[in-house]
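Structural characterization, general
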Amino acid sequence: MAYDVAALPAYTKQDASKLIYQKLYTNGDTIKHMNVQPGIKSSETINIVSVNPIWKAQACSFTASGDTTFSRRTITVGKPMIQMSWCERDLETKYLQEAMKAGGSYDSLTFNTQIMDLTMDNIAKDLERAIWRGDTASLDQNLLHFDGLVKIISAEATVVNYSGTAWSQANSRTVFNGMITTMDAQVRALGMAKLFCSHTMLQQYRFKLSADNLYHLPGADDKLYVENSKIEIVPCFGLENINYAFLIEPDNLYFGADLMNEQEKVKFWFSEDNQQLRFHTEFKAGTQIAFPGRITEYYGV
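This one's a predicted model, so the numbers in the text were calculated from it and none came from an experiment.

Details of the nonpolar core
- Counting 43 residues, the largest nonpolar core has Trp86, Trp132, Leu239 and Phe246 as its most contacted members.
- Counting only elements with at least two residues in this core, the list comes to β4 (81–86), α1 (112–133), α2 (149–154), β9 (244–248), β10 (253–256) and β12 (276–282).
- Ranked by residues supplied to this core, first place goes to α1 with seven residues.
- Here Trp132 is in contact with Thr30, Gly148, Leu149, Val150, Lys151, Phe196, Cys236, Gly238, Leu239, Phe246 and Ile248, once residues within four sequence places are set aside.
- Membership of the second largest hydrophobic core comes to 22 residues, among which are Tyr162, Phe176, Cys197 and Ile233.

In structure tokens form, the structure reads like this:
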């Protein structure tokens with residue numbers, strides 16, 4: 001990557017200190033609800049044990065019954081890498097020169113704070129998308145490194161599916177209530193599941209509640225629960241533009257990595273050979289679930 005200044009006119013004195021930039025994303029919505037499993041170089045298993053004791057009538061004998069079952073699921077991590085470069089001399093003929101340091105030795109970025117903040121924020125945004133929508137068969141360069149939760153969950157035969165109602169603001173209460181009615185009874189009774197959906201779906205649900213005169217709602221900055229339940233709704237940027245919603249216990253969600261917060265560890269240097277400032281980061285990431293049968297999925301066309 002390099003500076004693209006083709007859209008800027010030749011320099012006329014302006015105030016470069018007022019350069020505006022937008023931070024698109026700061027923190028991932030989903031990863032804070034996942035179990036992070038570090039130390040994975042390529043793949044690693046989630047080791048699962050389940051016990052099924054069987055009650056019997058009392059007697060003067062001993063006959064064992066019931067099973068202890070060991071199983072495993074595999075987290076396979078992708079290995080994305082990001083490399084960028086900048087030549088500060090590209091700014092000299094544009095208004096941006098006003099912010100450049102004096103002299104011709106450019107060994108630091110003129111707009112270092114803005115560019116680095118945006119770079120890291122966009123890495124976080126793309127990681128959030130990949131956590132849900134990653135697919136090794138995708139044509140999207142940012143989504144093809146590992147399989148995300150939508151693909152993994154949708155492929156499982158034991159996942160509980162709620163369907164039959166198209167998504168719309170008018171149907172939002174019906175969908176969310178229907179998901180809770182359909183979910184595994186034990187999961188519902190434990191009350192640990194959260195409803196993961198897009199920010200747009202959550203906002204449509206809010207609008208529907210207010211349209212139906214249910215004004216006992218918390219503010220937009222407060223947690224919202226599905227009506228008449230203790231199930232928190234968690235809006236996720238990674239689910240935007242697809243009408244998926246999931247009821248999942250956070251203990252059932254796994255994120256695989258090599259190092260904790262590995263995507264935040266970067267190298268930034270001035271290359272004497274190329275007379276460029278360069279950026280490099282690489283990390284490992286993957287997702288998995290432990291118990292498919294405890295998940296409820298909704299996809300509304």
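Structure shown, so let's carry the discussion forward.
A word on the side chain of His280
- By the element assignment, His280 lies in strand β12.
- A polar side-chain atom of His280 sits 3.1 Å from a polar atom in the side chain of Gln83.
- When residues no more than four places from it in sequence are discounted, the contact partners of His280 are Met81, Ile82, Gln83, Val266, Lys267 and Trp269.

Quick notes on the pairing of strand β6 (residues 194–197)
- Residue alternation in β6 divides its side chains into two sets, Lys194 and Phe196 and Leu195 and Cys197, and both sets are buried.
- Direction of pairing for β6 relative to β9: antiparallel, over a ladder of three bridges. Counterpart to Phe196 in the pairing with β9 is Phe246.
- In the sheet, β6 pairs with strand β8 (residues 232–235) via three bridges, with the strands oriented parallel.

Considerations on the pairing of β12
- Where burial is concerned, most of β12 is hidden: five out of the seven residues are buried.
- As defined by bridge partners, β4 adjoins β12 across six bridges and the pair is classed as antiparallel. By the bridge assignment for β12, Gln83 is matched with His280.
- Sheet analysis places strand β11 (residues 267–271) next to β12, joined by five bridges and oriented antiparallel. Residue Phe270 lies in a different strand from β12, and its bridge partner there is Leu277.
- Here β11 folds back onto β12 in antiparallel fashion, the turn holding four residues, of which Gln275 has a positive phi close to 55 degrees.

Analysis parameters
- For every chain, the first residue of the written sequence is number 1, and numbering continues from 1 onward in sequence order.
- Since the coordinates come from a predicted model, pLDDT governs what is reported: local features require at least 70, and pairs of side-chain atoms require 80 or more to be given and counted, while whole-chain, interface and lining totals use all residues.
- Working from all heavy atoms in the structure, the side-chain values ignore hydrogens and water.
- Definition of nonpolar core: a set of buried residues of the types Ala, Val, Leu, Ile, Met, Phe, Trp, Tyr and Cys, connected through side-chain atoms within 4.5 Å.
- Here the term buried applies to any residue with accessible area under 20% of the maximum for its type, exposed to any over 50%, and partly exposed to those in between, with areas from a 1.4 Å probe on protein chains only.
- For the purposes of this entry, the term helix denotes a DSSP run of H or I that reaches at least four residues, the term strand denotes a run of E that reaches at least two, and both are numbered from the N terminus.
- It only takes one pair of heavy atoms within 4.5 Å for two residues to be counted as in contact.
- Nitrogen and oxygen atoms within 3.5 Å of one another constitute a polar contact, given that in protein one can donate a hydrogen and the other can accept it, and given that sequence-neighbouring residues count only through two side-chain atoms.
- Here, any two strands with at least 2 DSSP bridges between them count as paired.

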